[in-house]
Amino acid sequence: MTDLPPYLQPFVLDVAQGAEHRVDRVGELDFHRPAGTARTGAILLIHGGPGPADLEVRPRGWPVYQGYAAAIAQRGQVAVTFDHSLIRGLDQLTTAADDVEAAVGLLRADPQVDPEQVVLWFFSGAGLLAGEWLDSRPDWLRAIALSYPLLATPPGVDELVSAAEVIGKHKDLPVLLTRVGREREELAGPVAEFVSAGGAALDIIDVPKGQHGFDMLDHSEESRAAVTKALDWAIAHLGEDPSTPSQLPIPTTTIPATTTQPSKIPASAAAGTAAPASARGAAATTGTAAPRATAAVAGEAARGAAAPGGIASPSTAGEPGRFAAPARQTTSNGAAAASSARGEAATETSSGEAGQSTSAAAPAETAASRVVGREHAAYEAHDLEAFLAMYSPTAQLQLGDGAVMRGRRSLREHYRPLFEAGQGKRELVQRMLVGDWVVEQWITHGTDHGPTPTISLYQVQEGLITEVRFLA
């Protein structure tokens, strides 16, 4: 044991005698699955870093993470291990944050995982990645655990969201800290500040005689008790009894052919668009100003005709799954039209007599359209942080040319120069509301190609935008 590097030391719990489980490689992730096929919650184990220069084994192959994953699977839940960029150095911090977002998306898309029951567990240097999740707190996030975390960014490293500044922001988010009595000085100070800021928002497991990495270096009863308590805490906060098979249906990833299923986008509206890329090919992300639409889509959409894409004429306004054509409203330079900001759409149809028009009934407001309306208001106001706050940390945005951007960080990098330049003049033509999808037709101005018709599709789940597609 002593001849092995620290990261290859065995896990402090003996998991070899536990219940059988299987391990599947899915993309960049290793899924440690419990026996049986019941749908369960999941825990994402996020390793620390940086690693030593002579690293021989990638983190997901380390005994400590394999041990945690096996223990979780033996308790009836899915555990996921993966490698992220922080192992290469702290200069990879933002890339590592994107890696975590992508891993979350792929984990939640797995058929055996209940996407509303996820715990994130950060170890050591990965503590620097926890602040963004403490800050955003997506509704599917059941809890966050931190073991001997690094919580202060060293000098010269670009800082992400500080965990100490946002701990307790969301009172309903359980947070567990496992801290060691023999912690390194540069880590112990920020941990103490985190505890002071967290107050009652924190659950704490103390390991008085433990050192950094105690779960692989200190094979003692104290260590085993602390790890067991942490595992029990994480399992308990998945919100279900692991011995009770889940009754949730396994979701389909196929877009249905009708508009009657409110949780899916209508196939007619999605016609001609590629399926979204999966994180690391799958989950998550970001976007750009509306791109050019093809002549076929643009021509039919601009006329409001019943096109192959399923866009109905304004005379169908108010019918479920149909577009309503609002009186055209141009917004730019921070002045949002009130109806756009509220996600409302007034309709106008010609009466056939010159100079006369009649208003058709606007479609009912939905929770999804209200979220999209707030995103539009922030867009028009060029309020970058308010705009990003409407997106899930793992949001995905697919452009008309098939390119995909992922995560809030990519959104921030793309939209910051656009907002700073005061760009973003656009005109809402039509909107359709279908379940958690909002489908809109826009005319975008100020591009090199003149007025550009665009169709955009927004999916909203748990109060945040999770996916955007621009059709072109």
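Just so it is clear, the structure is predicted and the values come from calculations on it, not from any experiment. (Residues numbered from 1 in each chain as written. Predicted model: local features only at pLDDT ≥ 70, side-chain atom pairs only at ≥ 80, totals over all residues. Heavy atoms only, no water.)

Below, the discussion takes up the overall build of the chain. Along the backbone of the chain there are 13 helices and 18 strands. Each of the 472 residues in the chain was classed as buried or not, and the buried ones make up 54%. Relative to all contacts within the chain whose residues are 6 or more apart in sequence, the contacts with residues 24 or more apart total 71%. Counting only carbon and sulfur atoms, one obtains 51% of the accessible surface of the chain, whose full area is about 19,600 Å². (Helix = DSSP H or I, 4+ residues; strand = E, 2+ residues; numbered from the N terminus. Buried < 20%, exposed > 50% of the residue type's maximum accessible area, 1.4 Å probe, protein only. Contact = heavy atoms within 4.5 Å. Areas by Shrake-Rupley, 256 points an atom, 1.4 Å probe, with all protein chains shown as cover.)

Next up on the list: empty space enclosed by the protein. Taken as a whole and assessed by the stated rule, the structure comprises 4 cavities of 30 Å³ or more. As for the largest cavity, its lining consists of R108, P138, D139, W140, S392, Q461, E462, L464 and T466. In this structure, the second largest cavity occupies an estimated 60 Å³ of space. In this structure, the second largest cavity is lined by G127, L128, L151, T153, E159, L160, V161, S162 and A163. Split by residue class, the lining of the second largest cavity holds 5 nonpolar, 3 polar and 1 charged. (1 Å grid on protein atoms, 1.4 Å probe; cavity = no way out; pocket = protein on both sides within 12 Å on 5 of 7 lines; lining within 4 Å. Points joined across faces, edges and corners; volume = space filled by probe spheres on them. Nonpolar A, V, L, I, M, F, W, Y, C, P; charged D, E, K, R; others polar.)

Owing to its 3.6 residues per turn, the α-helix aligns residues three or four sequence positions apart on the same side. If you check helix α7 (residues 221-236), its first and last C-alpha atoms are 22 Å apart, about what 16 residues at 1.5 Å a residue would give, namely 22 Å. Looking only at α7, the buried set comprises S223, A226, V227, A230, L231, W233, A234 and I235. (Expected span 1.5 Å × (residues − 1).)

Within this structure, the stated rule accounts for 17 salt bridges. For the salt bridge of R137 with D172, the shortest nitrogen-to-oxygen distance reads 3.3 Å. Placement of the pair is R137 in the loop between α3 (130-136) and β6 (141-147) and D172 in the loop between α4 (163-166) and β7 (175-182), with a sequence separation of 35 residues. A single salt-bridge network, built from bridges that share partners, covers R25, D30, R58, R60 and D83. (Salt bridge = Lys/Arg side-chain N within 4 Å of Asp/Glu carboxyl O.)

Below, the discussion takes up the environment of I204. You can see I204 is positioned in strand β8 (residues 202-211). Of the residues examined, I204 reaches a relative accessible area of 34% and is grouped as partly exposed. In this structure the C-alpha to C-alpha distance between I204 and L146, which are 58 residues apart in sequence, comes to 9.7 Å. Those residues in contact with I204 that lie beyond four places of it in its chain are L176, L177, R179 and V195.

In this section: the sheet that holds β6. Read across the open sheet, the 8 strands follow the order β1-β2-β4-β3-β5-β6-β7-β8; overall the sheet is mixed. Two strands in the sheet have a free side with no partner beyond their single neighbour: β1 (21-26) and β8. Each strand axis lies, on average, 20° off the axis of its neighbour in the sheet, ignoring direction. Sitting on the sheet, helix α2 (residues 93-108) is in contact with β1, β2 (29-34), β3 (40-46), β4 (78-82) and β5 (113-123), with an inclination near 150° to β5. Each of β6, β7 and β8 is contacted by helix α5 (residues 185-198), which is oriented at about 140° to β7, the strand it contacts most. (Pairing = 2+ DSSP bridges. Axes fitted to C-alpha atoms, helices over the stretch in contact; angles between N-to-C directions.)

Let us look at unusual backbone geometry. Cis geometry is found at the peptide bond from G49 to P50, where omega equals 0°. Tracing the backbone shows P50 in the loop between β3 and α1 (63-74). Unusually for a residue other than glycine, S124 sits at a positive phi of about 50°. Within the secondary structure, S124 is located in the loop between β5 and α3. Here H382, not a glycine, exhibits a phi torsion of approximately 55°, which is positive. Of note, H382 is situated in the loop between α11 (367-380) and α12 (384-389).

All right, on to α1 then. In this model α1 runs 16 Å from its N-terminal to its C-terminal C-alpha over 12 residues, within 8% of the 16 Å that 1.5 Å per residue would give. Taken across its 12 residues, α1 has 9 buried, putting it largely inside the fold. Residues of α1 that are buried include every one of V64, Y65, G67, Y68, A69, A70, A71, I72 and A73, and no others.

What follows concerns the nonpolar core. If you look at the biggest cluster of nonpolar residues, it comprises 47 residues, and the most contacted ones within it are L44, L129 and F194. Looking at this core, the element that brings in the most residues is α2, giving 8 residues. Counting 38 residues, the second largest nonpolar core, distinct from the first, contains V64, A69, F123 and M216. (Core = buried A, V, L, I, M, F, W, Y, C linked by side-chain atoms within 4.5 Å.)

Looking now at the environment of F122. Note on placement: F122 falls in strand β5. The buried category is assigned to F122, whose relative accessible area is 0%. Sequence separation between F122 and G48 is 74 residues, and the spatial gap between their C-alpha atoms is 7.4 Å. When sequence neighbours within four positions are dropped, the list of residues in contact with F122 reads I46, G127, L129, A130, W133, I144, A145, L146 and S147.

The next subject is the environment of R426. With respect to the helices, strands and loops of the structure, R426 is situated in strand β15 (residues 426-434). Note: C-alpha distance between R426 and E380 (46 residues apart in sequence) is 8.9 Å.

This paragraph deals with the packing of α2 against helix α13 (residues 407-420). It is the contact of α2 with α13, at a shortest axis distance of 7 Å, that shows an interaxial angle of 125°. Regarding the angle of α2 to α13, the classification is oblique. Contacts between α2 and α13 involve T94, A97, D98 and E101 from the first element and G407, R408 and R409 from the second. Along the lines of polarity and charge, the residues of the contact of α2 with α13 split into 1 nonpolar, 2 polar and 4 charged. (Parallel < 35°, antiparallel > 145°, perpendicular 65-115°, else oblique.)

On to the confidence of the model for the chain, then. Summarising the model, the chain shows a mean pLDDT of 75, and 71% of its residues fall at 70 or more. Below a pLDDT of 50 lies the segment residues 240-362, which in the model reaches 283 contacts outside its immediate sequence neighbourhood of four places, other chains included. (pLDDT = per-residue confidence, 0-100.)

The subject of this paragraph is the side chain of T40. Among the secondary structure elements, T40 is positioned in strand β3. Using a relative accessible area of 6% as the deciding quantity, one classes T40 as buried. At 3.4 Å, the side chain of T40 and the backbone nitrogen of V78 are in polar contact. (Polar contact = N/O pair within 3.5 Å; in protein donor to acceptor, adjacent residues only side chain to side chain.)

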